[in-house]
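If you want the building blocks of each chain, they are given just below.
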Amino acid sequence: MRRFLRPGHDPARERLKRDLFQFNKTVEHGFPHQPSALGYSPSLRILAIGTRSGAVKLYGAPGVEFMGLHRENNAVVQIYFLPGQCQLVTLLDDNSLHLWSLKVRGGVSELQEDESFTLRGPPGAAPSATQITVVLPHSSRELLYLGTESGTVFAVQLPAFRTLGDRTIGSDAVLQGLPEDARHRRVFEMVEALQEHPRDPNQVLIGYSRGLIVVWDLRGSCVLGHFLSSQQLENVCWRRDGHLIVSCHSDGSYCQWPVSSDTQHSEPLRNCVPYGPFPCKAITKIFWLITKQGLPFTIFQGGMPRASYGDRHCISVVHDGQQTAFDFTSRVIDFTVLGEADPASGKTRKGDVETWSGGLAGDSQEGGPLLQVSPASRGQGLQVRGLGLLRTPWAVFPCILNTTRPLAVPPFSASSLLTPDAGCRGGGGGSIL
């Protein structure tokens, strides 16, 4: 001890201080800091969370956790799992794509980055021509479809990340398949949504920001049908049977579009503004899930009245005429629906809710209906009346507890809001992930 009390510089003392008191990080566990993106594989039941510092964390069964770090210190903005594979693709804010795989090295599984790719346009092209807005991993496991700000959809071959020019879906090709009344409108801008048909891998749904939705035939390179909305498009969801498309828009509305062999519908089957009639915020994401009883679940983010609740961060659940809004204390970055998928049929094996990949596992206590990621580093499950508290399969993150509270909106809205059962723990329908 006298060596540490002596005044002045002592090399032996400094060496002992480094050996005894230096901090060395050996392992990370729990929810990551500053989450920025969310991905989920229903077939593998693996959750992926990206951060602003370029880290990617995977969560599997309780106690199973992997972490990877990009070489670039850029934020992860989107995460996509390749269907049925232990591989995922991340999109960074510098417009680069990265392919990750779970591999075994020395008897230990590791998350490793295999390839990286940056989409290049022709010489002299504007930056928006190759700025990626959305990614679709095709079920063939060999292709990625990349939607861009210019309205072009590029096809990229995996795992080599080679652009296939003959499979590019350009605005001119789509325009030729539209009727005259749609051609005269400015229907093209950035690609907001890409969705594969749930039963036909040769059909892809393309949603453009100005309200145009196109069903594109990959085999014939032609337009099979189109839908045209007067409001700016935010996102789309394809019902599991492929007969209905649900789109959400910037004015707080969502529309239902019937899909048939003659898919030329100028008017939606239903247009709903859940919190109207006054101006509302945009609905940025929506899920439409079918139950065995035939009563669908509609789960969406946003759509609250601007004047009274414009500063709230809410996710709403609508089922059987009952509408519940969950109010979060911090911004909701993204959310997804968790389910246990059957790899053979693509359907869930448990619960009252029967959906395709990414669906809701109804009464199953092993699946959670909703997950959200916020800057406060919290992952939460939600409760809906009649379903009970649905837990997620991942380990509880220590020291993280934040209950959501049902939001009571005045009765000017078309649909009344109902609070969860009084028996909810914490009085607000929130739980720890």
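One can find the structure itself at the top, above this paragraph.
Here the residue numbering is sequential within each chain, running from 1 through the sequence in written order. Thresholds applied to this predicted model are a pLDDT of at least 70 for local features of residues and 80 or more for the giving and counting of side-chain atom pairs; totals over whole chains, interfaces and linings are not thresholded and use all residues. The side-chain numbers reported here are obtained from all heavy atoms of the structure, hydrogens and water having been left aside.

Once that is clear, we can look at the pairing of strand 5 (residues 76-81). Looking along a regular strand, one sees the side chains alternate between the two faces of the sheet. Residue burial is assigned from relative accessible area. The probe radius is 1.4 Å, only protein chains are included, and a residue is buried under 20% of its type maximum, exposed over 50%, and partly exposed in between. Secondary structure counts use DSSP, requiring at least four H or I residues in a row for a helix and at least two E residues in a row for a strand, with both numbered from the N terminus. Of all six residues in strand 5, five are buried, a share of seventy percent or more. At least two bridges found by DSSP between two strands is the condition for calling them paired. Two elements, strand 5 and strand 6 (residues 87-92), share five bridges in a ladder whose sense is antiparallel. When the bridges of strand 6 are listed, Val-76 appears paired with Leu-92. Connecting strand 5 to the antiparallel partner strand 6 that follows it, the hairpin turn spans five residues, and Gly-84 within it adopts a positive phi of roughly 70°.

Glancing now at the nonpolar core. The set of buried Ala, Val, Leu, Ile, Met, Phe, Trp, Tyr and Cys residues whose side-chain atoms join them within 4.5 Å is what this entry labels a nonpolar core. Leu-97, Leu-144, Leu-146, Leu-194 and Ile-206 are the most contacted members of the largest nonpolar core, which totals 39 residues. Judged by nonpolar contacts, the second largest core, of 17 residues, contains Leu-244, Tyr-254, Trp-288 and Ala-325.

Quick look at the sheet that holds strand 9 (residues 132-137) now. The strand order across the open sheet formed by four strands is 9-10-11-12, and the pairing between neighbours is antiparallel. The open sheet terminates on both sides in strands that have one partner only, identified here as strand 9 and strand 12 (162-169). Each strand axis lies, on average, 30° off the axis of its neighbour in the sheet, ignoring direction. The axes are straight lines fitted to the C-alpha atoms, using for helices just the contacting stretch, and the angles between their N-to-C directions are given from 0 to 180°.

A few words on the pairing of strand 23 (residues 297-302). For strand 23, a buried count of six out of six residues is recorded, marking the element as mostly surrounded by other parts of the structure. Alignment of strand 22 (residues 283-289) against strand 23, held across six bridges, turns out to be antiparallel. Bridge pairing in strand 23 links Lys-285 to Gln-301.

Turning to the packing of aromatic side chains, a few remarks are in order. Classification of ring pairs uses Phe, Tyr and Trp, with its six-membered ring standing for Trp, and accepts pairs whose centres are within 6.5 Å; under 30 degrees between planes counts as stacked, over 60 as edge-to-face, and the remaining range as tilted. Scanning the entire structure with this criterion turns up five aromatic pairs. Ring geometry for Phe-227 against Trp-257: centres 5.5 Å apart, planes inclined by 50°, an arrangement best described as tilted. Here the residue Phe-227 occupies a position in strand 16 (residues 222-228), and Trp-257 occupies one in strand 19 (residues 254-258), the gap between them amounting to 30 residues. In this pair, the class of Phe-227 matches that of Trp-257, namely buried. Between Tyr-254 and Phe-300 the ring centres are 6.1 Å apart and the planes differ by 40°, which places this aromatic pair in the tilted class. Here the residue Tyr-254 occupies a position in strand 19, and Phe-300 occupies one in strand 23, the gap between them amounting to 46 residues. With respect to burial, Tyr-254 and Phe-300 carry one shared label: buried. Of the aromatic side chains, those joined through ring pairs into one cluster are Tyr-254, Tyr-275 and Phe-300. In this analysis the charged atom, NZ for Lys or CZ for Arg, is taken to sit over a ring once it is within 6 Å of the ring centre and within 35 degrees of the ring normal. Taking the ring centre of Phe-335 as reference, the NZ or CZ of Lys-285 above it sits at 5.5 Å.

This paragraph deals with unusual backbone geometry. Cis geometry is found at the peptide bond from Leu-158 to Pro-159, where omega equals 0°. Cis geometry marks the peptide bond from Gly-276 to Pro-277; its omega dihedral reads 10°. With phi around 55°, Gln-34 is a residue other than glycine that occupies positive phi space. Relative to the assigned elements, Gln-34 resides in the loop between helix 2 (11-21) and strand 1 (35-41). You will see that Arg-45, though not glycine, has its phi angle at about 55°, which is positive. Relative to the helices and strands, Arg-45 resides in the loop between strand 1 and strand 2 (46-51). The exposure class of Arg-45 is partly exposed, given its relative accessible area of 22%.

What the four strands build is an open sheet, ordered 5-6-7-8; its pairing is antiparallel. The two strands at the open ends of the sheet, each matched to only one other strand, are strand 5 and strand 8 (108-118). Recorded for the sheet is a direction-independent mean angle of 25° between the axes of neighbouring strands. Across five bridges, strand 6 lies against strand 7 (residues 96-105) in antiparallel orientation. Its bridge partner being in strand 7, Val-89 is matched across the sheet by Leu-99.

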